[in-house]
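One-letter residues, chain by chain:
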Amino acid sequence: MTARRALTASILSLISVVALAAPKRAAVDDRPTATVLCYHIVEAPAAPRMHIDRETFRQQLRYLEMTGYNVVPLRHVYEYATGKRASLPKNAVVITIDDGWRSTYTEAFPELQKRKFPFTVFIYPNIIGQTSNALSWAQIREMAAAGVDVQSHALTHPYLTKRKHRSMTDEAYATWLRNELAESRRILEKQAGKKVQFLAYPYGDYDNRVALAAAKAGYLAALTCDFGRVKKDSDPLKMRRFVIDDKMDFTTFRRYMGATPLQLAEMTPKPGIELDPGITTISAKIPGFQSLDPKSVGMALLSLGAATPYAYDARSGEITLTLRDALSTLKAKYHRAVVWATDLKTGKRVEATWVFRLPDPNAPDKALPAVTPARVIASTVPAAHTGGSPKR
């Protein structure tokens with residue numbers, strides 16, 4: 001018996017040692033983050049590099065507007081990163097547009113203003129008025145007067161690091177860099193009539209020396225082209241962004257925004273199938289609805305261009321959007337529905353989307369394929385709620 005007790009004590013001691021030696025799980029950082037988007041040109045005639053077409057731009061804005069994102073001013077994110085602001089709204093997004101192309105005024109400005117989205121334009125003064133595709137100072141002043149945040153993209157849009165200017169002496173390079181940063185601020189403040197305190201590094205080219213020079217030139221923050229989100233305690237002179245161009249499809253855009261996959265079932269209408277003329281609702285069931293925050297579940301039809309009331313039943317995981325009169329406003333052939341929610345365990349956004357067709361009003365009547373009803377998932381979750389436009 002004594003031997004058995006000794007053996008038991010040894011085993012318990014070993015278990016204690018192993019438990020103490022096991023690495024602790026890293027704490028999950030659930031503090032808010034911000035996604036900063038970087039655009040350049042919208043709907044350019046020659047479709048140059050860093051361009052996206054008009055409809056893609058509008059689709060991305062509708063997505064942000066209708067599916068629970070919050071577009072905030074760049075200054076708020078800077079203040080949050082540096083501890084001057086306590087928090088940010090969930091799913092915070094900043095919109096920035098670089099360079100100073102005319103499409104900023106003709107394409108982006110009207111769409112953003114219509115949605116009351118704040119945004120920042122980073123301009124390099126040497127392009128203004130130099131080409132028919134560039135902004136004019138009058139257009140910049142008009143946007144600034146309307147509340148658009150006008151900031152610096154250096155004076156001539158050069159590479160700023162010393163490795164790109166090897167022929168310069170250190171002294172000549174320091175003088176040149178100081179002029180690029182300071183003269184841009186001076187001109188923009190004079191023309192726009194607002195303080196210029198933020199910089200976007202041209203081409204995303206920077207190093208510690210450039211960041212220090214930016215701070216000495218009076219900039220509070222600077223933005224890179226390094227992919228990633230801005231967090232609490234992020235270096236304000238090395239704030240990250242996501243660059244948007246025509247190589248990015250809608251799935252990639254949503255992933256950059258932080259969406260992870262959500263499984264759907266029993267979608268009506270089914271993906272790729274025509275909407276039955278007698279149906280006036282869009283619906284789906286969420287098989288894993290028990291893992292979601294029921295108050296976070298939402299649904300939108302992006303082609304409507306405005307939020308439409310939806311209803312979510314937390315007892316069955318079914319979500320329904322009723323079109324009613326809105327059905328007559330749908331002119332396009334294809335339409336995209338989006339369902340989103342927040343995962344209770346991780347706090348992350350989950351999302352699913354599918355595309356369906358509207359019938360051609362001029363086509364002859366035809367029978368649609370029969371749909372076999374799927375099994376209804378039972379649940380003991382007691383509540384149901386209705387919703388509309390997510391709070392922004």
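In this report, the structure presented in the accompanying data block is examined. Worth saying up front: this structure is predicted, and the values here are computed from it rather than measured. (Residues numbered from 1 in each chain as written. Predicted model: local features only at pLDDT ≥ 70, side-chain atom pairs only at ≥ 80, totals over all residues. Heavy atoms only, no water.)

Spatial strand order, 11-18-17-14: four strands in an open sheet with mixed pairing. The two strands at the open ends of the sheet, each matched to only one other strand, are strand 11 (260-261) and strand 14 (298-301). One ladder, built from nine bridges, connects strand 17 (residues 334-342) with strand 18 (residues 349-357); its direction is antiparallel. Within strand 18, the position partnered with A337 by the bridge is W354. Lying on the sheet, helix 2 (residues 54-66) is in contact with strand 14, strand 17 and strand 18; it crosses strand 17 at an angle near 40°. (Pairing = 2+ DSSP bridges. Helix = DSSP H or I, 4+ residues; strand = E, 2+ residues; numbered from the N terminus. Contact = heavy atoms within 4.5 Å. Axes fitted to C-alpha atoms, helices over the stretch in contact; angles between N-to-C directions.)

Now for helix 6 (residues 170-192). Relative to the 33 Å expected for 23 residues at 1.5 Å per residue, helix 6 spans 33 Å between its end C-alpha atoms, a close match to the ideal helical length. Of the residues making up helix 6, those classed as buried are Y173, W176, L177, E180, L181, S184, R185, I187, L188 and A192. As for helix 6, its buried residues are in contact with strand 6 (120-123), helix 5 (137-145), strand 7 (149-152), strand 8 (198-200) and helix 7 (208-216). G193 occupies a position one or two residues after helix 6 and carries a positive phi of about 75°. (Expected span 1.5 Å × (residues − 1). Buried < 20%, exposed > 50% of the residue type's maximum accessible area, 1.4 Å probe, protein only.)

Here we come to the nonpolar core. Of all hydrophobic cores here, the largest spans 66 residues; its most connected members are Y63, L64 and F253. It is helix 6 that provides the largest number of residues to this core, a total of seven residues. In terms of nonpolar packing, the next biggest core, distinct from the first, is built from 28 residues, Y310, I319, L321 and A352 among them. (Core = buried A, V, L, I, M, F, W, Y, C linked by side-chain atoms within 4.5 Å.)

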